[in-house]
Amino acid sequence: MWAKCSACVDKIINPWGKPKAVPLSAPTPGPWVHKVRLPEPLPDWAPGTGFAKKRLNLGELEIEQITEFVEIWRSGEGFEQGATYYQPVIPDGCYYFGSYGQLNLGYGVRLGWTFAVSGFIKGDNPPLAYPSDYTLLWSSTVADAEQELFAYFWEPVAPAGYKHLGYLVTTSAERPPLIGDLVCVREDQTDTCQLDELLWDSSTLSKGTTFSTWTTKPYLVGPDELGIAVNTVYCATKLTKEVFLPVRCLKNVNRVMTAMPTYEQLVQIMQKYGPTVYFHPNEEFLPSSPNWYFDQGALLYSKASPKSPVRVEKDGANLPAGGSNDDEFWLALPTDGSAERVKKGDLASAKGLVHVKPMFGGTFTDMACWIFYTFNGSSTAKVGPVKNLSLGRIGEHVCDWEHFTVRVDNFSGEMRRLYMAAHAAGTWWHTHEIEFVPGTNRAIVYSARNTHAMYPHEGENLQGDGKVGIGIRNDTSKSNIFLDTSVDFEFIAVDYRGTKKAGETKEAGDDQSQTDLFPASPPWVDYMREWGPKIEYDTKTELDKVLKFLPALLRNSVRSLLKKLPDELGGQEGPTGPKEKVSWAGDERLS
């Protein structure tokens, strides 16, 4: 049996006798507890249902978040290379799904969590079962490097009708005991999953081997999907990404959303975690609210009557709703002579427009915060010795939508990651990788000059070939121009059971007690067409105006660069709104 307390550290490090083998660096002694990677303590959350309660009852199973671990094996010397594998310390009467692994991100940087599970393991068709066997997939005995202890990576063999949800890392060559604390789960309580991030592959220790370890996530990710990531390590005997993995994740089969925050807690999340967006001191085109844009005389055009536009009403009440971007309608700047002024935006009216999504079966909350601009400026390139090369009108388009997403752990209430979008895709950042407003847990997001792409730090954020210094500049810098979304925010959509629009009748089975507080989505949210017209200019002509001053070699480099970049950097057409984006009903797109 695996130990469940700090007094049994030696037993956990090597539970089956005298060490035959630890990694290139010895394990850190004693259990460690995941420390919140935020500058300030977590708040006391407003009363609610199951948010930040550490547990979730799924019906036949109850899961509890575990953040205490004992180190088993480290694949690289020190804390900056490779990955480390851990054993969860679980409460009495509970079981677990497998070992946990994470990248070595630096001394003391530990981001760990996984689940303990409780449920029946005996009787008629119980939800849990012990493995029927273990298969040894790989051991570090084949590694070329010197080691004090060897690691052994085991795959549990699930009995018929059950699936395993993780793998086991030990420092003993003996097969793990079949009746222990690791369990498999009845297949109907599981969901398929996919590879997420590569932790480590054995080529760093042994040439010619193809063993690798990964994190996983549910195969389908989105507000309507029910797969629950269990955060155990996945082991593969080949480096190619498999489409269908033999390992599974949990499934919220009963669609239990009791861990989702209430309205008051959502407000509190934004107040405590809402980032401050800093704009470049030379930014020409600042954000505004959509309503400000409509009030300034924004026009709705249609293909049926292209010469008879109508003025957009407040909240976009007269915008065509639903459907898809079929090119039948588009918006445009006012034609009364105010267009140049409207392009500049109105920071005083701007807000973070928040779309709330349940993720991973209601175990996480994504706060996707959209920021609206009336205009996207032209692009600037860096080409070798030429540091700032204006690309004329290339990159310009009417209206721009950008966003970041705060991902909150519904078991702890902690902000785990922050996504920043940049040119049709983006990056998830861990909290130790970003900056914070001093004395708060509110992150800092930098908006790039003219392009409005989002980054975690100041700099040129070159998009292209940084090694040779050729690319599109996305200059970011702190200034006294900023938007504080912890104060200026508005909920535009809340996507989980138990919420409803104002005035709707509460349905049976609603999990929330305060659903009347959620506001209705403004009509413009359902406008699926383009927010700007196609700007008519010849890209080649614009480019030739710029390139004629460059040597031939550099000219070819710029042309090659522009062919490789996302279409949106070419400008011309206005973007569609948030609801037409892939991330609205799914996960964020990665760069």
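The following paragraphs examine the structure supplied in this document. (Residues numbered from 1 in each chain as written. Predicted model: local features only at pLDDT ≥ 70, side-chain atom pairs only at ≥ 80, totals over all residues. Heavy atoms only, no water.)

### With respect to the overall build of the protein
The condition is simple: Only DSSP runs of H or I reaching four residues or more are called helices, and only runs of E reaching two or more are called strands; each is numbered from the N terminus. Summary of the burial criterion: residues with accessible area below 20% of their type's maximum are buried, those above 50% are exposed, and those between are partly exposed, where the area comes from a 1.4 Å probe applied to protein chains only. Only the protein chains shown count as cover for residues, and all accessible areas are computed by the Shrake-Rupley method using a 1.4 Å probe.
Of regular secondary structure, the protein possesses six helices and 37 strands. Residues counted as buried form 58% of the 591 residues belonging to the protein. A total of about 24000 Å² of accessible surface is found on the protein, and carbon and sulfur atoms cover 50% of it.

### Some remarks on the pattern of salt bridges
Applicable threshold: One speaks of a salt bridge when a side-chain nitrogen belonging to Lys or Arg is within 4 Å of a carboxyl oxygen belonging to Asp or Glu.
Going through the model one piece at a time under the given rule, you end up with 20 salt bridges. In this structure, Arg186 engages Glu60 in a salt bridge whose closest nitrogen and oxygen atoms are separated by 2.6 Å. With Arg186 in strand S14 (residues 184-186) and Glu60 in the loop between strand S2 (55-57) and strand S3 (62-66), this pair connects stretches of sequence that are 126 residues apart. For Arg186, a relative accessible area of 7% gives the class buried. Residue Asp133 pairs with Arg175 through a salt bridge whose shortest N-O separation is 3.3 Å. In this pair, Asp133 sits in strand S10 (residues 133-139) while Arg175 sits in the loop between strand S13 (168-170) and S14, placing the two residues 42 residues apart along the sequence. Here the residues in one salt-bridge network are Lys217, Asp366, Arg407 and Asp587, joined through shared partners.

### Describing the environment of Arg417
Applicable threshold: Contacts: residue pairs with any heavy atoms within 4.5 Å of one another.
Counting through the fold element by element, Arg417 comes out in strand S30 (residues 415-422). With 13 residues separating them along the chain, Arg417 and His430 place their C-alpha atoms 4.8 Å apart. Arg417 has contacts with Glu197, Thr405, Val406, Arg407, Trp428, Trp429 and His430, leaving out every residue within four places of it along the chain.

### A word on the sheet that holds strand S36 (residues 482-484)
Selection rule: Paired strands, in this sense, are two strands between which DSSP finds at least two bridges.
Taking strand neighbours across the sheet as the criterion, the four strands line up as S33-S32-S20-S36 in an open arrangement whose pairing is mixed. The open sheet is flanked by strand S33 (454-455) and S36, the only strands paired with a single partner. Judged from the four bridges that link them, strand S20 (residues 276-279) and strand S32 (residues 444-447) form a sheet pairing that is parallel. Bridge pairing in S32 places Phe279 opposite Ser447.

### What about the nonpolar core?
We apply this condition: Definition used in this section: a nonpolar core is a set of buried Ala, Val, Leu, Ile, Met, Phe, Trp, Tyr and Cys residues joined via side-chain atoms within 4.5 Å.
One finds Leu266, Met367, Phe404 and Phe491 to be the most contacted residues of the largest nonpolar core, which totals 38 residues. The element contributing the most residues to this core is helix H2 (residues 263-273), with five residues. Aside from chain neighbours lying at most four places away, what touches Met367 is Leu266, Ile269, Met270, Val354, His355, Val356, Phe404, Thr405, Val406 and Phe491. Counting residues in hydrophobic clusters, the runner-up holds 28 residues, among them Phe294, Leu300, Phe372 and Ile535.

### Focus on the environment of Gln65
Basically, it comes down to this: Two N or O atoms form a polar contact when they lie within 3.5 Å of each other; inside protein one atom must be a possible hydrogen donor and the other a possible acceptor, and for residues adjacent in sequence the pair counts only when both atoms belong to side chains.
Residue position: Gln65 is located in strand S3. The class of Gln65 is buried, set by a relative accessible area of 5%. Spatially, the C-alpha atoms of Gln65 and Val117 are 8.9 Å apart, while their sequence positions differ by 52 residues. Polar contacts involving the side chain of Gln65 include one to the side chain of Asp409, which spans 2.6 Å.

### A closer look at the packing of aromatic side chains
As a reminder of what qualifies: The rule is short: rings of Phe, Tyr and Trp, with Trp giving its six-membered ring, pair when the centres are within 6.5 Å, and they are stacked under 30 degrees, edge-to-face over 60, tilted in between.
Inspection of the entire model under this criterion finds 37 aromatic pairs. With a centroid separation of 6.2 Å and an interplanar angle of 65°, the aromatic rings of Phe69 and Tyr86 are classed as edge-to-face. Of the two residues, Phe69 sits in strand S4 (residues 68-74) while Tyr86 sits in strand S5 (residues 83-88), which places them 17 residues apart along the sequence. You'll find Phe69 and Tyr86 in the same group, each marked buried. Grouped by ring-pair contacts, the aromatic residues Tyr293, Phe294, Trp370, Phe372, Trp401, Trp524, Tyr527 and Trp531 constitute a single cluster.

### Details of the side chain of Gln189
Its place among the elements puts Gln189 in the loop between S14 and strand S15 (190-201). Within polar-contact distance, the side chain of Gln189 engages the side chain of Glu60 at 3.5 Å. Dropping the residues within four chain positions of it, Gln189 is found in contact with Glu60, Leu61, Cys249, Leu250, Lys251 and Val253.

### Details of the sheet that holds strand S9 (residues 128-129)
One open sheet holds the three strands; their spatial order is S9-S14-S12, and the pairing between them is antiparallel. Every interior strand has two partners, whereas the edge strands, S9 and strand S12 (162-163), have only one. Taken together, the two bridges between S12 and S14 define a ladder with antiparallel strand orientation. Note that in S14 the partner of Tyr162 across the bridge is Arg186.

### Here we look at unusual backbone geometry
One non-glycine residue, Asn231, lies in positive phi territory at about 65°. Its place among the elements puts Asn231 in the loop between strand S17 (227-228) and strand S18 (234-236). Residue Asn231 is classed as buried on the basis of its relative accessible area, which comes to 17%. The backbone of Asp315 shows a phi angle near 65°, a positive value even though the residue is not glycine. Here Asp315 lies in the loop between strand S23 (310-311) and strand S24 (329-332).

So far we have only geometry, and geometry alone does not tell us how the molecule works.
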